Amino acid sequence: PKSKTLTFLNETAEWLKDTLGIKKLKNCWILTDTATKTVISAHLGIDEYHYGGEATRRARTNYLRAISSIKDINSYVKTHTPFCGLLVANTKALPESPSSLIGRSSGHWKDEWANIKWLTGKNVERVATKLLKHGWKALKVPPFYTLYMPQSR
C-alpha cells in the first residue's frame, strides 16, 4: 500500500532542491536519518562523498540516533563541511514505515532500516529545537520535516 512507501520523500527532495538549489545540495552535508538521506541522495544525485556511501545505505552509521546534546550536533558540523543543515522528521506525523518481506526473509534488509521514527531516535527532535536559541533557524520542509540551519549558512 502507498502508506507503506517512502514516496513522500519525493516532495521533501523537491523542496530541498527548490529552496537550497541542486548545486549547493550536491556539495554539502545534511545530517538526517539514514532512510531519508538515502532516498534524497538518490533523488538529487548527491555523490558518495557527501552522501556517506555504503555505510549510510546499509545503516551501519546512524549519527542521528546517537545525538543527545547540542554538543553532538556541533561535533558533526565541525567534521562535515560544508554543512547545509539538520533535517529532522516530525515522528508523530510520519506514516507507517515500509517493510520488505523478501528483505526480512533473506536477512539483508532489516525493517528498522526504513523506519524513520526508529532511525530518528528519541532525543533529536528535542535537541534540535534547542538549536534555535543558539542562532540556528528552522524551516518547515514538506511533508513531515524541519530543516535546522546555522544562521551563517
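Please refer to the structure placed before this passage.
Residues numbered from 1 in each chain as written. Predicted model: local features only at pLDDT ≥ 70, side-chain atom pairs only at ≥ 80, totals over all residues. Heavy atoms only, no water.

Draft legend 1. Summary view of the sheet that holds strand β3 (residues 136-141). In spatial order, the strands read β1-β2-β4-β3; together these four strands make up an open sheet with mixed pairing. Strands with a single pairing partner mark the edges of an open sheet, and in this sheet they are β1 (29-31) and β3. Put simply, the sheet's adjacent strands are angled 25 degrees from each other on average, direction ignored. Here six bridges tie β3 to strand β4 (residues 145-150), and the two strands are oriented antiparallel to one another. If you follow Lys 140 over to β4, its bridge partner there is Thr 146. In this fold helix α1 (residues 8-20) packs onto β2 (83-89), β3 and β4, with an angle of close to 30 degrees to the strand it touches most, β4. (Pairing = 2+ DSSP bridges. Helix = DSSP H or I, 4+ residues; strand = E, 2+ residues; numbered from the N terminus. Axes fitted to C-alpha atoms, helices over the stretch in contact; angles between N-to-C directions. Contact = heavy atoms within 4.5 Å.)

Draft legend 2. Quick peek at the pairing of β2. In terms of burial, β2 is a largely internal element, seven of the seven residues being buried. Alignment of β1 against β2, held across three bridges, turns out to be parallel. Within β2, the position partnered with Leu 31 by the bridge is Leu 86. Judged from the four bridges that link them, β2 and β4 form a sheet pairing that is antiparallel. When the bridges of β4 are listed, Val 88 appears paired with Thr 146. (Buried < 20%, exposed > 50% of the residue type's maximum accessible area, 1.4 Å probe, protein only.)

Function-wise, these values are silent; they only describe arrangement.
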